[in-house]
Amino acid sequence: MNKAFGIINFAGNHIKVDGLQDFRPVGAFSFLGRYRIIDFPISNMSNSGIDNIEVFVRRKPRSLTEHLGTGRHYNINSKRGSLNIMYTEHGQIGDIYSTDITAYMENMDCLEEMKQEYVVIAPSYMVYKADYSEFLDAHIESGADISMMYHSVDNAKEAFLNCYVLNINKQKGVLSIEQNHGNAKNRNISMDTYVMKKDLFIELVRKASKMSSMYTFSDIIDEESQNLDIRAVSHRGFFAVINDFNAYYQANMSLVNPTNASSLFDKDWPIYTHTNDSCPTQYFEGSKVTSSVISNGCLIEGTVENSIIGRSCVIKPGAIVRNCIISADVVIGKGVHVENLVVDKHARLIRGKRVIAAPDKPGYVKRGDKL
């Protein structure tokens, strides 16, 4: 799709994932043991024929940079395509200055050099499947200035808090954008996914930068909603926003259910990721695994129930892992019982025999910790 290039935006200041975010950006979070969250928007772009993608990163870039590499594992055209990592290096103090507008302004030379007429912008902290080529074609046909994706939900009182919501009219025109403070259960959650002409995008970024140092791209879209023709496009299928720790846990655990997983994964719409060569998982005598997602390279000698196990993990004899998300290279020791936890990579749970959190408030074991 030579008509558009892609931008993957970083998580804004309204996204707070305690624990995990201390070590890497949200886009680098492990997902379902095999993927990273950023694999989904990049794969959507790659499958849609977008071969030039700009990935914006603002802090703790190492994990994400290592995972992205050259970007060739995303099936981007090897001759004319490219995946570029765009860093923001502002000298201002405080998160209020660290916005996507700041990042765009710092990399404006690169954005202006893009040859494509249109730009598709997607977030690095949402998980969904979407064909951006259809999105672009519908936008062009509508004649709108900007098109935005949204997902209708009926649980906005307890979920999607602080996410942006769209107020739309009967003709699907966007009237305004506001944050969800849990005041109503039925809301149209903005997917922070846009399509527009590159020239309009650059014009809006420059305007936002002049209006306020703390403006985000959502702010300028809201500001201009009365002046521009902004259309809302509905999305259906699996949709998850990783906006806090519980949302991360629930998004992963919901996909243990094959019905939910089938609405996200499709053999004709592959999700690409950085892979490594390792042995298949070994299940030893006495092990028991039910309703779980197990990655390659693991040694399973204990019991695993309704859990997600990352690459190269070891579950020792007599260990019980229940309702947990276990990241890569974790050891659950002999006789250890863990339940309702997110265990970050390289952790060793050996001496703490029972580490159990409440089902409605999952616990966290930090990266590299020993219990």
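Owing to the predicted nature of the structure, the values given are computational and were not obtained by experimental measurement. (Residues numbered from 1 in each chain as written. Predicted model: local features only at pLDDT ≥ 70, side-chain atom pairs only at ≥ 80, totals over all residues. Heavy atoms only, no water.)

### A few points about the overall build of the protein chain
Filter applied, for reference: Starting at the N terminus, helices and strands are each numbered in turn, a helix being any DSSP run of H or I of at least four residues and a strand any DSSP run of E of at least two. Values of the radius of gyration come from C-alpha atoms, whereas the globule rule sets the reference at 2.2 Å times the count of residues to the power 0.38. Only protein chains enter the accessibility calculation, which uses a 1.4 Å probe; a residue is then buried when its area is under 20% of its type maximum, exposed when over 50%, and partly exposed in between. Contacts are assigned to residue pairs with any non-hydrogen atoms lying within 4.5 Å of each other. Only the protein chains shown count as cover for residues, with accessible areas throughout obtained via the Shrake-Rupley method and a probe of 1.4 Å. Note on charges: Lys and Arg go in the positive column, Asp and Glu in the negative column, and His and the chain ends are not counted at all. Where a charge lies is defined by one atom per residue type, namely NZ (Lys), CZ (Arg), CG (Asp) and CD (Glu).
A count of helices and strands for the protein chain gives 9 helices and 28 strands. Its C-alpha atoms give the protein chain a radius of gyration of 21 Å, near enough to 21 Å, the size a compact globule of 371 residues would have. Principal-axis analysis of the C-alpha atoms gives the protein chain an extent of 65 × 50 × 45 Å. In the protein chain, which comprises 371 residues, the share counted as buried stands at 53%. Of the contacts formed within the protein chain by residues at least 6 apart in sequence, a portion of 58% connects residues at least 24 apart. About 16,400 Å² of surface is accessible on the protein chain, with carbon and sulfur atoms providing 46% of the total. The averaged location of the 42 negative side-chain charges in the protein chain is 7 Å from the averaged location of its 41 positive side-chain charges.

### Some remarks on the pattern of salt bridges
To keep things clear, this is the line we draw: Salt bridge, as applied in this entry: a Lys or Arg side-chain nitrogen positioned within 4 Å of an Asp or Glu carboxyl oxygen.
Taken as a whole, this structure holds 13 salt bridges when the rule is applied. Where Glu112 meets Arg206, a salt bridge forms, and the shortest distance between an N and an O atom there is 2.6 Å. One end of the pair, Glu112, is in helix 4 (residues 108-112); the other, Arg206, is in helix 6 (residues 198-211), with 94 residues separating them in the sequence. By relative accessible area, which is 36% here, Glu112 ends up partly exposed. Residue Glu117 pairs with Lys197 through a salt bridge whose shortest N-O separation is 3.4 Å. Here the residue Glu117 occupies a position in the loop between helix 4 and strand 6 (118-123), and Lys197 occupies one in strand 11 (residues 187-197), the gap between them amounting to 80 residues. By relative accessible area, which is 45% here, Glu117 ends up partly exposed. For Lys197, a relative accessible area of 41% translates into the label partly exposed. Among the charged side chains, a salt-bridge network with shared partners connects Glu305, Arg322 and Glu339.

### Let's talk about the sheet that holds strand 15 (residues 288-290)
Rule in force here: Pairing between strands is defined by DSSP: at least two bridges between them are needed. Helix axes use the C-alpha atoms of the stretch in contact, all axes being lines fitted to C-alpha atoms, and the angles between their N-to-C directions lie in the range 0 to 180 degrees.
Within the open sheet, the 5 strands sit side by side as 15-18-21-24-27. Their pairing is parallel. Looking at which strands have only one partner, the edges of the open sheet turn out to be strand 15 and strand 27 (354-356). Direction aside, neighbouring strands of the sheet carry axes that sit 5° apart on average. The pairing of strand 21 (residues 320-322) with strand 24 (residues 337-339) spans 3 bridges and is classified as parallel.

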